[in-house]
Amino acid sequence: MMTQTNMRRANQHARIKREPGYQLPRVNEDDNMTVDFAPSEVERRMQRSDAPSVDTRLAPGASVIGDMEVNGEDQDDECMLMEVKTKAEVVEQDLPTPRSFVNMDRSFVGPGQALKDFGQELKDINDALGELQARGIQHVVSLPELVLVGDQSSGKSSLMSAIAGLSLPRSSGTCTRCPIHIRISRADEWSCRVFLKEDYAFVPRNHPITLQDVTNSDRFPPWVKLDPSRQTRKEFKTVRDRFDAEEIETLLRCAQVAILNPSTPYRFFVPRLKNESGQSDAARREHLDRIKEKEAHGEAQFSPNTVALEVKGPDLADLNFYDLPGVFITAKRPEDRFLERVVRNLTCEYISRQNAIILWAVPMNQDAENSFAFKLIQEMKAEDRCVGVMTKADLLPREINGFSSWLSMLNEQAHRTGLGYFITSRQGSDLDEQNKFEEAFFNRTADSATMGQWPEIFEKYRDRCGIEKLKEFLSITLGREFSKVLPEVKQKVHNRLLRIEEQLEKYPNPPPNPEMEIMRSLAEFATNVKTRVLQQEFMSQWDCLFAEPFKKRILGSKPKFIVKEPDVITIDDNSPMATPAPLGQTPRKRSLAQDINMTPSKRRGQIKAEDSDRMIMSPSTSATLRGTPGPGQFPFSPGPGGGLAPHSKNLMELRTIIRRSAIPGQPGLVSASVYEPLYTEVARTWGPHLENFVNQTILFLQNEVMKILDNAFSNLKNRMVYRESVEHMKSFMEKHKEEVRNQLNLIYNLETQRIFTKDEDALQRNKASEKRILERHRHFLRMAARTGESPAIRKMEELTEEELAQEQAKMAKELKLIGPDPYDQEITVAAYVRGYYLTAASRFIDIVAIHIMSGLLPRVASVIDTYLHEKLGLYSRTSGTGLEIFNRLMSEGPETERKRRELKVEKERLDQAMEIIVNLENREQMATATAVNSQATIMGMSQGHGQNRPDLTIRTNGNAGGVATPVSERASTPIGTYEA
């Protein structure tokens, strides 16, 4: 990692004053940092050159760090920033020596060693930055970047080509229609790799795009931002012949046409180069013609997606930068007006990135006041991280007044930029011509008749003239900014990797042997289901939760009869019905409507002495007069469990039913047709209870089965085999539910059709028991009617044998007082109906339960072995080969697979990013160790040979390690001049 002090060292640009023929001193044998070099390559490099005073090119092995010239071409005394002092002026320091200071010392040990080491370190830093940018980690952390902006026709394309060191498309406006990301670095062999970076998806509109379509939420219509995990970087093609400018330009234009036509596979646009075999020249030209047709009629006029270039070669600067489409105020065609705002949005987006260093291209043949690009820079408050590049210096108007505005900018009096200005002039058909022209122009050796002389008034800014000076400055500046944020970058990448690891745990990789894993899970599932559903514990749990409550609800629905003294309704001439008055009172007359509307509770509250010989009409009988159901069709009311239960009948209603069903001429006999309706109307209330019981049973069984399925497929829950198995088991349970429902509905229908039993003993036993209960209650109520007292009737099962005997004896005595029950026949009918109900209900409960215990559960256990195998297609030859079936079952579904794939892609990118950072740190540690060793060697040499040589001493000014520092005598330094 490049340290802050290293970058400070780089910015302390030094000039070394050297007279012709002067001999550098050798190392003295004292403790002062005085160094003497024998004549060598360093001496030759520092002798005055015969070249013009401004050299815009860097010689091999040389470096221009900002404006530091180690070639020593300037002899101006005022520019001497490093002084030769006697050893008495050296300031001693005991502080530790930072590595950057050690690096500075090395510049006085060997020929260009410090600059060489520094250049390698700078290359490492910028290479690492470029690699991180290429990995697309900007969604995790913001990286420093250079962004080239400018108005249309500002010389931006020429500037970009010069910085990149290769010819880029400059015709037909192609290069202005999408951003270009260029990464250049030094390497032994030259190459140019082209990539397509797709961060946006093309979503066509159903109407022509207008200015109104460009909004804050939709900044680049018809392009929509992709999720970072879906963003791609596709390699387009690599070129290795740097001298074939035409081929390079063709390649880049084709790449940009591919960006603008996203619906066509990008490989269609990859051109065949001239020196490639396998295709004739005619076919190659035909292919290029088809690409040109796509260029002329592209799907999109603009794209925020990026064409990325990786350019490597000898003597290249280490830089990364973006070239954006030139901003403009007015579109050529009215239908393209939306592009004004789209390009503006794109420019603002890049400028707003806080770690972006802005290169503003401003042509010197136009008024800088009219620059729309600089207005955007000011709007985004990005001036402090902006460097201005004055282009087209050869077109500068020659009027003296025309220089003032540019001089004021260079002197920070107008259009201030935090990083100052550089000046370029690029004319020519290729890079060599442009470089030669630029050098000749700024050295004022060019033909003035054709292009004019570079005004001498700009002489003091010569250290800011030329593309090479700009490239070196940008390389150092970018490296410095990256060194600042590198710890933050590492930490954020690390944190994001941890989060991805946590997310990937939810999406584990497929097992190594999917067939074995699936078969093992299926076998475990089938075995555990069979064991569970046939276990006594499971059956007892089912019986307790569902069978017993079902039994209680069925038995609790036994027919209810009211055995209180019935209401007697008299009939006279004035009123069809009258309610008899209590004993000793005159009956009060009421209308039929009043009697019908009276609630049963009110009627039951009126107790009348027996008068069974009088003509009576019950409320149910009177209801027949209004068309309501007659005998055998009794109205229902909501009963327990949500079913419809018949209302309880009193003795008068029973008597009415018996009399209406009686056969004439057979007095005293009760027709068999009386019993069946009284039973069936209650038995039909079993339906809701039965449905609820079946639903609860199947749900209970399904929950157990699904729990076993979850456990058996615990390692495959994100696989298709688990999802399909769940759906198949749901269908399996629905199928068995339907079978059980049909079987039990058949039993239900049989039980509700008629009265039938062969179990006479059970019927007689139940009938006798029910008659005892009814007669006992009837007796107590008769006595209450006679005495007017309301007795407390205890349940028979609560009485002891002695208490029961005493009660029976008492009842026998009381019976002599009240006489035989006039409703004995009705009590006998009610007892029979209740007795048969208990007989039939017990039979029904047993049959329902045995269909579950001995039917459903064993049936499930018997077929579970092969059910899933068949449904999953493991026994079917029509489902494909075994491998195809298991691959299908092991798939995770499109959403899960997409999510894991996206996480893995992002993880791979971040792993590579972390590797880049760690490698950079390792190289830094190795360089630090080397620097320490070199420092120790230097100190040993100085102690052994530093004997009374006052010729060259480095003034430390309080800094350890003998670092060159600014001369205090200099009050100010013009722009373009640096102190060391």
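All of these numbers come straight from a predicted model, not from anything done at the bench. (Residues numbered from 1 in each chain as written. Predicted model: local features only at pLDDT ≥ 70, side-chain atom pairs only at ≥ 80, totals over all residues. Heavy atoms only, no water.)

### Describing the overall build of the protein chain
What counts here: The way it works is that DSSP assigns letters per residue, a run of H or I at least four long becomes a helix, a run of E at least two long becomes a strand, and they are numbered from the N terminus. Exposure categories follow from relative accessible area, calculated using a 1.4 Å probe and restricted to protein chains: below 20% of the type maximum is buried, above 50% is exposed, and the middle band is partly exposed. In short, Shrake-Rupley with a 1.4 Å probe defines the accessible areas, and a residue's cover is counted only from the protein chains shown.
Of regular secondary structure, the protein chain possesses 27 helices and 19 strands. Each of the 980 residues in the protein chain was classed as buried or not, and the buried ones make up 50%. Accessible surface, the protein chain: about 47,300 Å² in total, of which carbon and sulfur atoms supply 51%.

### As for the pattern of salt bridges
Basically, it comes down to this: Here, a salt bridge means any side-chain nitrogen of Lys or Arg that lies within 4 Å of a carboxyl oxygen of Asp or Glu.
Per the counting criterion, the structure on display carries 48 salt bridges. Between Arg-480 and Glu-481 there is a salt bridge, and its shortest N-O distance comes to 3.7 Å. Taking relative accessible area as the criterion, Arg-480 reaches 15% and is therefore assigned buried. Counted as one network, the salt bridges with shared partners bring together Glu-131, Arg-183, Arg-193, Arg-233, Glu-235 and Glu-310.

### Quick word on helix H11 (residues 431-442)
Quick reminder of the rule: Any helix carries an expected span of 1.5 Å times its number of residues minus one. Identification of polar contacts relies on pairs of N or O atoms within 3.5 Å, with a donor-acceptor requirement for protein atoms, meaning one able to donate a hydrogen and the other able to accept it, and with residues adjacent in sequence counted only if both atoms are side-chain atoms.
In a regular helix each residue adds 1.5 Å, so 12 residues correspond to 16 Å; H11 covers 16 Å between its end C-alpha atoms and thus fits that length. All of the buried residues in H11 are Leu-431, Gln-434, Phe-437, Glu-438, Glu-439, Phe-441 and Phe-442. The backbone nitrogen of Asp-432 lies 3.2 Å from a side-chain oxygen of the residue at the head of H11, namely Asp-430. Immediately beyond the C-terminal end of H11, within one or two residues, lies Arg-444, with a positive phi of roughly 60 degrees.

### Considering the sheet that holds strand E8 (residues 232-239)
Strand pairing in a sheet relies on backbone hydrogen bonds, with the paired strands running either antiparallel or parallel. Here is the rule we go by: Only strands that DSSP links by at least two bridges are regarded as paired with each other. A fitted line through C-alpha atoms represents every axis, and for helices the fit uses only the stretch in contact; the resulting angles, taken between N-to-C directions, go from 0 to 180 degrees.
Pairing in this open sheet of 9 strands is mixed, and the strands run E8-E5-E9-E4-E10-E3-E11-E12-E13 from one edge to the other. Two strands in the sheet have a free side with no partner beyond their single neighbour: E8 and strand E13 (421-423). Direction aside, the axes of adjacent strands within the sheet are offset by 25 degrees on average. As defined by bridge partners, strand E3 (residues 145-150) adjoins strand E10 (residues 319-323) across 3 bridges and the pair is classed as parallel. Its bridge partner lying in E10, Val-147 is registered against Tyr-322.

### Quick look at the packing of helix H6 (residues 245-260) against helix H7 (residues 281-296)
The following threshold applies: Any angle that is under 35 degrees is reported as roughly parallel, and any over 145 degrees as roughly antiparallel; angles of 65 to 115 degrees are reported as roughly perpendicular and all others as oblique. Put simply, a crossing is left-handed when the front helix is turned counterclockwise from the back one by less than a right angle, and right-handed when it is turned clockwise. Residue contacts are counted whenever heavy atoms from the two residues lie within 4.5 Å of one another. Each residue gets one of three labels, nonpolar for Ala, Val, Leu, Ile, Met, Phe, Trp, Tyr, Cys and Pro, charged for Asp, Glu, Lys and Arg, and polar for the others, Gly among them.
It is at 10 Å that the axes of H6 and H7 come closest, and there the two elements cross at 45 degrees. By the angle class used here, H6 and H7 are oblique. Two packed elements cross with a definite hand, and for H6 against H7 that hand is left-handed. Contact residues: Glu-247, Thr-250, Arg-253, Cys-254 and Val-257 in H6; Arg-284, Leu-288, Ile-291, Lys-294 and Glu-295 in H7. Of the residues contributing to the contact of H6 with H7, the split by class is 4 nonpolar, 1 polar and 5 charged.

### Digging into the side chain of Glu-438
On the secondary structure map, Glu-438 appears in helix H11. A distance of 3.1 Å separates a polar atom in the side chain of Glu-438 from the backbone nitrogen of Ser-425.

### Notes on the nonpolar core
The condition is simple: What we call a nonpolar core is a set of buried Ala, Val, Leu, Ile, Met, Phe, Trp, Tyr and Cys residues that are connected through their side-chain atoms within 4.5 Å.
Core analysis: the biggest nonpolar cluster contains 74 residues, and Ile-163, Phe-236 and Phe-482 have the highest contact counts within it. Considering every element that reaches this core, the biggest residue donor is helix H13 (residues 467-504), with 13 residues. Apart from residues no more than four positions distant in its own chain, Phe-236 is found in contact with Val-194, Phe-195, Leu-196, Leu-251, Cys-254, Ala-255, Ala-258, Tyr-266, Phe-269, Val-270 and Pro-271. In terms of nonpolar packing, the next biggest core, distinct from the first, is built from 62 residues, Val-529, Leu-701, Leu-838 and Ile-852 among them.

### Some words on the pairing of E3
Most of E3 is tucked away, with 6 of its 6 residues classed as buried. Neither face of E3 is left uncovered, since the one carrying Glu-145, Val-147 and Val-149 and the one carrying Leu-146, Leu-148 and Gly-150 both have all their residues buried. Taken together, the 6 bridges between E3 and strand E11 (residues 356-363) define a ladder with parallel strand orientation. Note that in E11 the partner of Gly-150 across the bridge is Ala-361.

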